[in-house]
Amino acid sequence: MDSIAVTGGAELRGEIPIAGAKNACLTLMPATLLSDQPLTLTNAPRLSDIRTMTTLLQSLGAEVQGLQGGQVLALSSHDLTSQHADYEIVRKMRASILVLGPLLARYGQAEVSLPGGCAIGARPVDLHLNALEAMGAELDLRDGYVHAKAPGGLKGAVVEFPFVSVGATENALMAATLAKGTTVLKNAAREPEIVDLAQCLRAMGAQIEGEGTETITVQGVTQLHGATHAVVTDRIELGTYMLAPAITGGEVELLGGRIALVQAFCEKLDAAGIAVEETARGLKVARKNGRIRAVDVVTEPFPGFPTDLQAQMMALLCTAEGTSVLEEKIFENRFMHAPELMRMGAQIEVHGGTATVTGVERLKGAPVMATDLRASVSLILAGLAAEGETLVSRVYHLDRGYERVEEKLRACGAKIERVAGE
Ligand code: UD1
């Protein structure tokens with residue numbers, strides 16, 4: 001297994017291109033299952049999670065071709081051969097559950113293994129299933145699979161989510177496009193990835209209103225057609241690389257970045273003493289004079305502070321002046337990076353869903369282990385600021401979500417290398 005070696009201390013200067021959003025692409029790809037005509041996605045990120053979704057769609061008989069080095073995905077579900085999403089593929093990635101809604105909507109049946117994914121809490125799929133049931137699906141959970149049927153097709157319904165779920169909103173939204181009648185999704189997720197999905201589905205002929213608000217209304221149509229759609233910028237990759245010059249000092253321009261994608265995060269950066277400026281090409285980020293200031297953070301559904309940037313923000317706050325409190329409201333077990341950061345000299349106390357971070361003057365390099373996707377990149381950020389060498393092992397998590405991380409950081413002057421494992 002590969003590791004990443006980081007030698008801290010270098011200020012970062014330069015520019016970093018931000019890729020298309022992994023989480024948007026993982027929901028746009030299954031949208032191909034809704035139509036027998038081709039769907040082309042441009043600005044796709046080149047990541048192992050995207051390859052896993054490719055394998056899953058191909059196992060159903062869809063064609064998925066990566067063009068231009070994988071930045072363009074040409075998808076077609078013209079000749080689907082199966083509605084069975086197998087455990088061997090699904091277990092690798094939770095987003096696999098997103099094939100359920102589209103398969104059921106177009107074929108009236110699907111068998112999808114219950115998913116695995118990052119080890120950050122229980123992460124059930126009950127909201128996905130309840131929404132599809134409300135639309136007339138008959139579900140049977142047997143042998144680790146969801147066996148779903150909708151013999152007469154799905155029917156429009158009012159679905160009120162008890163709390164916000166990105167994935168459940170996406171599954172229900174896709175299913176609703178081909179359901180008979182009107183579906184109203186209440187307490188829907190408002191993430192930019194949902195807006196991106198709705199825009200793509202609309203380009204395919206779906207009738208959708210209200211995406212980006214709490215209520216999405218879908219008027220079902222009998223079929224969808226082909227479309228070409230550009231994947232929205234990855235706001236989590238954007239936020240992660242915004243933290244690089246914040247943590248090391250220097251100035252970096254994030255190409256393709258926009259404040260609207262990371263508003264709540266920018267407000268916290270400002271409070272911490274980091275300057276963010278929108279430019280014609282993206283966002284320019286620089287550390288203002290002096291030490292980073294402590295700030296409190298509560299993770300929330302969009303437009304709140306994203307849980308997917310909590311670990312990286314914690315890395316920054318480890319060297320802040322004063323004490324910061326980070327409250328994790330989305331996932332119950334998402335502080336696995338804290339003990340690893342403590343190996344580097346950070347002072348963190350975790351009680352349930354709250355972490356209290358008392359800043360230290362400087363972190364010290366140490367061997368650490370990546371426990372999940374966002375945790376691994378937080379350790380790299382900490383390593384950039386630490387004295388000496390940090391060796392981050394188990395970086396396969398990182399490759400699920402960050403394209404060429406070491407190249408992008410090295411181009412700005414970071415001392416970072418991938419060390420090939422056996
Ligand atoms: C998506 C993102 C993930 C991000 C998360 C929250 C993708 C591929 N992944 O994950 O990176 O961290 O949104 O912004 O887009 N829950 C249930 N029952 C359900 C569904 C969810 O209890 O049926 C719970 C989850 O355990 C979690 C919370 O709801 O505590 C929010 O999860 P959700 O928004 O569904 O996250 P994902 O869509 O899995």
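The rules we used
Residues numbered from 1 in each chain as written. Predicted model: local features only at pLDDT ≥ 70, side-chain atom pairs only at ≥ 80, totals over all residues. Heavy atoms only, no water. Helix = DSSP H or I, 4+ residues; strand = E, 2+ residues; numbered from the N terminus. Buried < 20%, exposed > 50% of the residue type's maximum accessible area, 1.4 Å probe, protein only. Contact = heavy atoms within 4.5 Å. Pairing = 2+ DSSP bridges. Salt bridge = Lys/Arg side-chain N within 4 Å of Asp/Glu carboxyl O. Axes fitted to C-alpha atoms, helices over the stretch in contact; angles between N-to-C directions. Parallel < 35°, antiparallel > 145°, perpendicular 65-115°, else oblique. Left-handed = near helix turned anticlockwise from the far one by under 90°. Expected span 1.5 Å × (residues − 1). Polar contact = N/O pair within 3.5 Å; in protein donor to acceptor, adjacent residues only side chain to side chain. Near = heavy atom within 4 Å. Areas by Shrake-Rupley, 256 points an atom, 1.4 Å probe, with all protein chains shown as cover. 1 Å grid on protein atoms, 1.4 Å probe; cavity = no way out; pocket = protein on both sides within 12 Å on 5 of 7 lines; lining within 4 Å. Points joined across faces, edges and corners; volume = space filled by probe spheres on them.

1. Examining the side chain of Asp49
Then step 1. Position of Asp49 among the secondary structure elements: in helix α2 (residues 48–59).
Then step 2. Residue class for Asp49 comes out buried when judged on its relative accessible area of 2%.
Then step 3. Among all residues touching Asp49, those that are not within four sequence positions of it are Lys22, Leu26, Met93 and Arg400.

2. Quick look at the pairing of strand β3 (residues 39–42)
Then step 1. Every second residue of β3 is oriented toward a common face, the buried set being Leu39 and Leu41 and the non-buried set Thr40 and Thr42.
Then step 2. With 3 bridges joining them, β3 and strand β5 (residues 72–76) adopt antiparallel strand pairing. Bridge pairing in β5 links Leu41 to Leu73.
Then step 3. Pairing geometry for β3 and strand β14 (residues 227–230), over 4 bridges, is parallel. Of the residues in β14, the one forming a bridge with Leu39 is Ala227.

3. Re the pattern of salt bridges
Then step 1. If you walk through the whole model with that rule in mind, you get 21 salt bridges.
Then step 2. For Glu88, the salt bridge goes to Arg91, with nearest N and O atoms at 3.2 Å.
Then step 3. Given the relative accessible area of 43%, Glu88 is considered partly exposed.
Then step 4. Across the pair Arg404 and Glu403 runs a salt bridge, and its minimum N-O distance is 3.7 Å.
Then step 5. For Glu403, a relative accessible area of 7% puts it in the buried group.

4. Considering the packing of helix α10 (residues 310–317) against helix α12 (residues 373–385)
Then step 1. Between α10 and α12, the least distance of the axes is 8 Å, while the angle of their chain directions is 20 degrees. Relative to α12, the element α10 lies roughly parallel. Seen from above, α10 lies across α12 with right-handed handedness. Contacts between α10 and α12 involve Ala311, Gln312 and Ala315 on the former and, on the latter, Arg374, Ala375, Val377, Ser378, Leu381 and Ala382.

5. What to know about the sheet that holds strand β16 (residues 274–278)
Then step 1. Taken together, the 4 strands give an open sheet; going across it, the order is β2-β15-β17-β16, and neighbouring strands pair in mixed fashion. Looking at strand neighbours, the two that pair on one side only are β2 (12–17) and β16, the edges of this open sheet. Shown here is a sheet whose adjacent strand axes are inclined to one another by a mean of 15 degrees, direction ignored.
Then step 2. Both β16 and strand β17 (residues 282–287) contribute to a ladder of 5 bridges, which runs antiparallel. Bridged to Val276 within β17 is Val285.
Then step 3. Most of the contacts of helix α8 (residues 235–248) go to β17, to which it runs at about 30 degrees, and overall it touches β2, β15 (250–255), β16 and β17.

6. Quick word on α8
Then step 1. For α8, with 14 residues, the first-to-last C-alpha span of 21 Å sits near the 20 Å given by 1.5 Å per residue.
Then step 2. Along α8, 14 of the 14 residues are buried, which leaves the element largely enclosed by surrounding structure.
Then step 3. Measuring from the side-chain oxygen of the N-cap residue of α8 to the backbone nitrogen of Ile236 gives 2.9 Å; that N-cap residue is Asp234.
Then step 4. One or two residues past the end of α8 sits Gly249, with phi positive at roughly 90 degrees.

7. Looking at the site of the ligand
Then step 1. In the neighbourhood of the ligand, 19 residues make up the surrounding shell, with Asp126, Leu127, Ser165, Asp308 and Ile330 lying closest.
Then step 2. Here an oxygen atom of the ligand and a backbone polar atom of Leu127 are 2.7 Å apart.
Then step 3. Side-chain polar atom of Asp308 to an oxygen atom of the ligand: 2.6 Å apart, as the coordinates give it.
Then step 4. About the coverage of the ligand: the protein hides 87% of its 730 Å² of free accessible area.

8. Re the layout of surface pockets
Then step 1. Size it by volume and the second largest pocket reaches roughly 240 Å³.
Then step 2. Lining of the second largest pocket is provided by 19 residues; of these, Ala105, Leu178, Val221, Thr222 and Gln223 occupy positions nearest its centre.

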